[in-house]
Amino acid sequence: MGFSMEYMREKEELFKQGFIEGFTKSFYENFEQNSQLIIQLERAKMIKSILGFRFGTMIDAEFSSIIVALLQLPHEELTRVLLTLSREELLQRFGRSEKPLS
């Protein structure tokens, strides 16, 4: 007993529909999480860009280590600290917890 072409097409359409519905559901369930990740990545790029522009250097390991802490700041505070604090003040406030030995 063979399957008719119409039966096979119906099965294929049902499979496609199920796949699309499953993909769509998964996409929307993860949309919020993915959106937040994209926003954080873009914010991190912006922070690196401002730090590089202000201090005229590539982002070194010390500056890279404070980016996660800077990402936690509200927008207004982030703007203020990026534009007003010195390199050393940024590192002291958001990076190393102890002062280097002199």
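The structure we're discussing is the one just above.
What counts and what doesn't
- Residues numbered from 1 in each chain as written.
- Predicted model: local features only at pLDDT ≥ 70, side-chain atom pairs only at ≥ 80, totals over all residues.
- Heavy atoms only, no water.
- Buried < 20%, exposed > 50% of the residue type's maximum accessible area, 1.4 Å probe, protein only.
- Helix = DSSP H or I, 4+ residues; strand = E, 2+ residues; numbered from the N terminus.
- Arc of directions from axis to C-beta.
- Contact = heavy atoms within 4.5 Å.
- Core = buried A, V, L, I, M, F, W, Y, C linked by side-chain atoms within 4.5 Å.
- Salt bridge = Lys/Arg side-chain N within 4 Å of Asp/Glu carboxyl O.
- Phe/Tyr/Trp six-rings, centres within 6.5 Å; stacked < 30°, edge-to-face > 60°.
- Lys NZ or Arg CZ within 6 Å of the ring centre and 35° of its normal.

Draft legend 1. Representation of helix α4 (residues 87-94). Those residues of α4 that sit buried are Leu 90, Leu 91 and Phe 94. Buried residues of α4 fall within an arc of 95° about the axis and therefore sit on the same side. Against the buried residues of α4 lie α1 (5-55), α2 (61-71) and α3 (75-84).

Draft legend 2. Main features of the nonpolar core. Ile 47, Leu 51, Ile 66, Leu 70, Val 81, Leu 90 and Phe 94 are the most contacted members of the largest nonpolar core, which totals 16 residues. When contributions to this core are tallied by element, the ones reaching two or more residues are α1, α2, α3 and α4. Counting residues per element, this core draws most heavily on α2, at 5 residues.

Draft legend 3. Region of interest: the pattern of salt bridges. Counted according to the given criterion, the structure contains 3 salt bridges. For Glu 42, the salt bridge is made with Lys 45, and the minimal N-O distance between the two is 3.4 Å. Here Glu 42 and its partner Lys 45 are both found in helix α1, 3 residues apart, which amounts to about one turn of the helix. In this structure Lys 45 comes out as exposed when scored by relative accessible area, which is 51%. Within this structure, Glu 77, Arg 80 and Arg 93 form a network of salt bridges that share partners.

Draft legend 4. How the structure looks around the packing of aromatic side chains. Across all of its chains, the model carries 1 aromatic pair by this definition. Measuring from ring centre to ring centre gives 5.4 Å for Phe 55 and Phe 63, while their planes differ by 45°; the resulting arrangement is tilted. Phe 63 sits in the buried class, given a relative accessible area of 0%. Geometry around Phe 63 places Arg 87 over its ring, the cationic atom sitting 4.4 Å from the centre.

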